[in-house]
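One letter stands for each residue in the lines below.
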Amino acid sequence: MTVIIGVDPHKASVSIEARDSTTERLVATGRFGTDTQGYRQLKAVARQWPQRIWAVEGTAGTGRPLAQRLVADGEMVLDVPAKLAARSRVFDTGQGRKTDAYDAHAIVMVALRDRGSLRQVREEDALTVLRMLVDRRDQLAKAKVQGLCRLHRLFTELIPGGAPRKKSVDQYRRLLAGVRPRDQVGRTRRRMAAEQVRELVRLDTQMKASKKELKAAVLATGSTLMDLYGVGPVNAARILADVGDVARFPSKAHFASWNGTAPLDASSGEQLRPRLSRAGNRRVNRALHSVAAVQLRHETPGKAYWRRKNNGPGKSRHAMRCLKRRISDAVYRQLLADATARQEQVVAAGRVGHPGASLASSAADLPPDIGTSDQPQPEPANLTVDPQGAGD
């Protein structure tokens, strides 16, 4: 008997509901802490089912610590997206209630009905490091923008008429050297501006070092994304970190829908009209926009394509969206080629079956379809496992 264990994770506790994968019969429910003792109690309860599969909600967020601990212990863990569990709750009989028990119930029912479309969680690898590095780079860039805004505000009070906008740190530093206020308020503002300039210089140094580290990390993955014109280390790292396994996208159209470059159909009657999509992964969408902007600043095939699409008044934005979709398709082809090359290297080395080497899609469509989980489900049962009584 294979048992599916649905897990609703939180910071201090997790709620579970276990059901037989064949008959969907309720086996156990419970609530456990996330500390070492609670984890041991959770594993002790699960050991009574030798064949078990864990279904954890949000393994890229709140559920990541628990999912990685389970994977490190040799457990099979499936990732249940929060949106998928929410859709299952809509068709539940719980009248829209949202408690930990109902959440665990929705998660296990999704795993029972749509196990084939869920992604299996792997141990954190180089892509996790890449994600951490690019997130840190984004934080530094945001801090620099905030610092420049604060510095510009100080200069509007130090210099009559204010300083011109969009100045570099070096320009602000030279401009500050010529400011000699005589009153105490002015001297205080100048001191604060000097401190802000030093802070921006430090951020610039950190950003340069971060970009260098990102480039080395991207090249270490064997990716050739930076061969595409306009794709630098930061954008390549963001795409690789958020995409993960490109095999989960059956086609370039699914990839475009995921990153928000595919338009939405807004046709009505005989009027056929697409509409801008504001859904999808906005971080990857922003990276693709940056690539498009770089291509438009130079004489590239992308700019020639943009000119052909920009064939009338008010068409520039439409042309930009078309260019972003074209770049999305090129990125997908590059990611697919890299994955194929890695698979060929694995086969040549005699290591067939390496995690992530398969190019078979694990998703039937995007957004995921909850299939037969649309049917109303019974309400979750009361707790059947006492955490205090569970031992090793």
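Residues numbered from 1 in each chain as written. Predicted model: local features only at pLDDT ≥ 70, side-chain atom pairs only at ≥ 80, totals over all residues. Heavy atoms only, no water.

**A word on the environment of Arg173**
Then, number 1: As for its placement among the helices and strands, Arg173 is situated in helix α6 (residues 169–177).
Then, number 2: Take Arg173: its relative accessible area is 41%, and that puts it in the partly exposed class.
Then, number 3: Along the primary structure Arg173 and Arg198 are separated by 25 residues, whereas in three dimensions their C-alpha atoms are 8.9 Å apart.
Then, number 4: Apart from residues no more than four positions distant in its own chain, Arg173 is found in contact with Val197 and Val201. (Helix = DSSP H or I, 4+ residues; strand = E, 2+ residues; numbered from the N terminus. Buried < 20%, exposed > 50% of the residue type's maximum accessible area, 1.4 Å probe, protein only. Contact = heavy atoms within 4.5 Å.)

**As for a positive patch on the surface**
Then, number 1: Together, Arg273, Arg275, Arg278, Arg282, Arg317 and Arg321 make up a region of like positive charge exposed at the surface.
Then, number 2: Here Arg275 is to be found in strand β8 (residues 274–275).
Then, number 3: A relative accessible area of 44% means that Arg275 is categorised as partly exposed. (Patch = residues over 30% accessible without salt bridge, like charges linked within 9 Å, V, L, I, M, F, W, Y side chains within 5 Å. Areas by Shrake-Rupley, 256 points an atom, 1.4 Å probe, with all protein chains shown as cover. Salt bridge = Lys/Arg side-chain N within 4 Å of Asp/Glu carboxyl O. Lys, Arg positive; Asp, Glu negative; His and termini not counted. Charge placed at Lys NZ, Arg CZ, Asp CG, Glu CD.)

**Considering the pattern of salt bridges**
Then, number 1: Under the defined criterion, the tally for this structure stands at 21 salt bridges.
Then, number 2: Between Arg113 and Glu24 there is a salt bridge, with its nearest N and O atoms 2.6 Å apart. Note that Arg113 is positioned in helix α4 (residues 100–113) and Glu24 in the loop between β2 (13–20) and β3 (26–33), a separation of 89 residues in sequence.
Then, number 3: Linking Glu75 and Lys43 is a salt bridge whose minimum nitrogen-to-oxygen distance equals 3.9 Å. With a gap of 32 residues between them, Glu75 in the loop between α2 (64–72) and β5 (77–80) and Lys43 in helix α1 (residues 36–46) connect regions that are remote in the sequence. Residues Glu75 and Lys43 agree in their burial class; the two are buried.
Then, number 4: A cluster of three or more residues bridged by salt bridges with shared partners is formed by Asp135, Asp138, Arg238, Asp242, Arg283 and Arg286.

**Quick notes on the pairing of β2**
Then, number 1: Within β2, 8 of the 8 residues are buried, leaving the element largely enclosed by the surrounding structure.
Then, number 2: By the alternation rule, side chains of β2 split into Ser13, Ser15, Glu17 and Arg19 and Val14, Ile16, Ala18 and Asp20, which are all buried.
Then, number 3: Pairing of strand β1 (residues 2–9) with β2 involves 7 bridges; the strand directions are antiparallel. Its bridge partner being in β2, Ile4 is matched across the sheet by Arg19. (Pairing = 2+ DSSP bridges.)

**As for the sheet that holds β2**
Then, number 1: One open sheet accounts for 6 strands, arranged β3-β2-β1-β4-β5-β6; its pairing is mixed. Sheet topology places β3 and β6 (119–120) at the edges, where each strand pairs with a single neighbour.
Then, number 2: Across the sheet, α2 lies against β1, β2, β4 (51–57) and β5, angled at about 160° from β5, the strand it touches most.
Then, number 3: Against the sheet, α4 engages β1, β2, β3, β4 and β5, with an angle of about 40° to β2. (Axes fitted to C-alpha atoms, helices over the stretch in contact; angles between N-to-C directions.)

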